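# Observations on the model geometry
Read off the chains here:
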Amino acid sequence: MIPEKMNSGLSFVSMKKKAWLELMDAGVRDALNRLQADMAALQESRQADTKSSAGDKHETARAMVDQELQQLNQQREKALRNQSELQQLTDATCEVAARGAAVETERIIYFISISFGKLPVEGAKPVYALSPVSPAAQAMLGKRAGEFFEINGARQTILKVY
């Protein structure tokens, strides 16, 4: 049985959601730092190539670097959006499946937050963070404990929403 309140006065569920949010925030910050470093390295490489190359080979290499910089910038923008969405979430409990809710089924806990995937947490059930616009989240939005939803033809029962 999970205790409803811990000694600190925070609910156990609230502490779990807070830990999940902190994990995802750290992951997004790490991704942003890696992307920034990769972009800086590419820009530096591009500058060095500009000084030493000429002709068609140079133009091809520069175009490839520009394309990779564009892809990294798109990933950076997505990470910044995820960071912004995370900052808007709280550890408050929810009655229905909605943005910020944890939805527990027989085998999995879905945390409707951002598209992050499986969270590196220990427990009896894996925890998956997913975007509210994902097909899985769309199937469960608005549902309560005891209701069913279907993902890829598999019917799942909601045991708890918090």
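In short, a report on the structure.

Thresholds applied
Residues numbered from 1 in each chain as written. Predicted model: local features only at pLDDT ≥ 70, side-chain atom pairs only at ≥ 80, totals over all residues. Heavy atoms only, no water. Helix = DSSP H or I, 4+ residues; strand = E, 2+ residues; numbered from the N terminus. Buried < 20%, exposed > 50% of the residue type's maximum accessible area, 1.4 Å probe, protein only. Contact = heavy atoms within 4.5 Å. Areas by Shrake-Rupley, 256 points an atom, 1.4 Å probe, with all protein chains shown as cover. Core = buried A, V, L, I, M, F, W, Y, C linked by side-chain atoms within 4.5 Å. Pairing = 2+ DSSP bridges. Phe/Tyr/Trp six-rings, centres within 6.5 Å; stacked < 30°, edge-to-face > 60°. Lys NZ or Arg CZ within 6 Å of the ring centre and 35° of its normal. Polar contact = N/O pair within 3.5 Å; in protein donor to acceptor, adjacent residues only side chain to side chain.

Right, let's talk about the overall build of the protein chain for a bit. Across its full length, the protein chain holds three helices and seven strands. Written out in order from the N terminus, the α and β elements of the protein chain read α-α-β-β-β-β-α-β-β-β. Taken across its 162 residues, the protein chain has 34% of its residues classed as buried. Residue pairs at least 24 apart in sequence account for 52% of intrachain contacts in the protein chain once pairs closer than 6 positions are excluded. Accessible area of the protein chain: about 10100 Å², with a carbon and sulfur share of 50%.

Turning our eyes to something else, we now look at the nonpolar core. Formed by 16 residues in total, the largest nonpolar core has its most connected members in Trp-20, Met-24, Leu-86 and Phe-111. If you list the elements that add at least two residues to this core, you get helix H1 (12-52), helix H2 (56-88), strand S2 (109-112) and strand S4 (127-130). Leave out the neighbours within four places in its chain, and Met-24 touches Leu-86, Phe-111, Ser-113, Ile-114, Phe-116, Leu-119 and Ala-129. The next biggest cluster of nonpolar side chains, apart from the first, holds 15 residues, and it includes Val-103, Ile-112, Ala-137 and Ile-151.

With that settled, consider the pairing of S2. Of the two faces of S2, both are covered, the one formed by Ile-109 and Phe-111 as well as the one formed by Tyr-110 and Ile-112. Bridge count for strand S1 (residues 102-104) against S2 is three bridges, and the pairing is antiparallel. Bridge pairing in S2 places Glu-104 opposite Ile-109. Hairpin remark: S1 followed by S2, antiparallel, with four residues in the connecting loop. Pairing geometry for S2 and S4, over four bridges, is parallel. Residue pairing across strands places Ile-109 opposite Val-127, the latter belonging to S4.

Now for the packing of aromatic side chains. Applying the stated criterion across every chain yields a total of two aromatic pairs. Measuring from centroid to centroid gives 6.2 Å for Tyr-110 and Phe-149, while their planes differ by 75 degrees, and the two rings are edge-to-face. One end of the pair, Tyr-110, is in strand S2; the other, Phe-149, is in strand S5 (residues 148-151), with 39 residues separating them in the sequence. Each member of the pair, Tyr-110 together with Phe-149, is buried. In this arrangement the basic side chain of Arg-155 is found over the ring face of Phe-148, its NZ or CZ atom lying 3.6 Å from the centre.

Structurally, the position occupied by Thr-157 is in strand S6 (residues 154-157). There is a polar contact of 3.1 Å between the side chain of Thr-157 and the side chain of Glu-106. Beyond its immediate sequence surroundings of up to four residues, Thr-157 is in contact with Glu-104, Thr-105, Glu-106, Glu-147 and Phe-148.

To continue, consider the sheet that holds S2. As summarised here, the arrangement of the five strands in space is S3-S4-S2-S1-S7, forming an open sheet in which the pairing is mixed. This sheet does not close on itself; its edge strands, each paired only once, are strand S3 (117-118) and strand S7 (160-161).

Any link to function would need more than the numbers given here.
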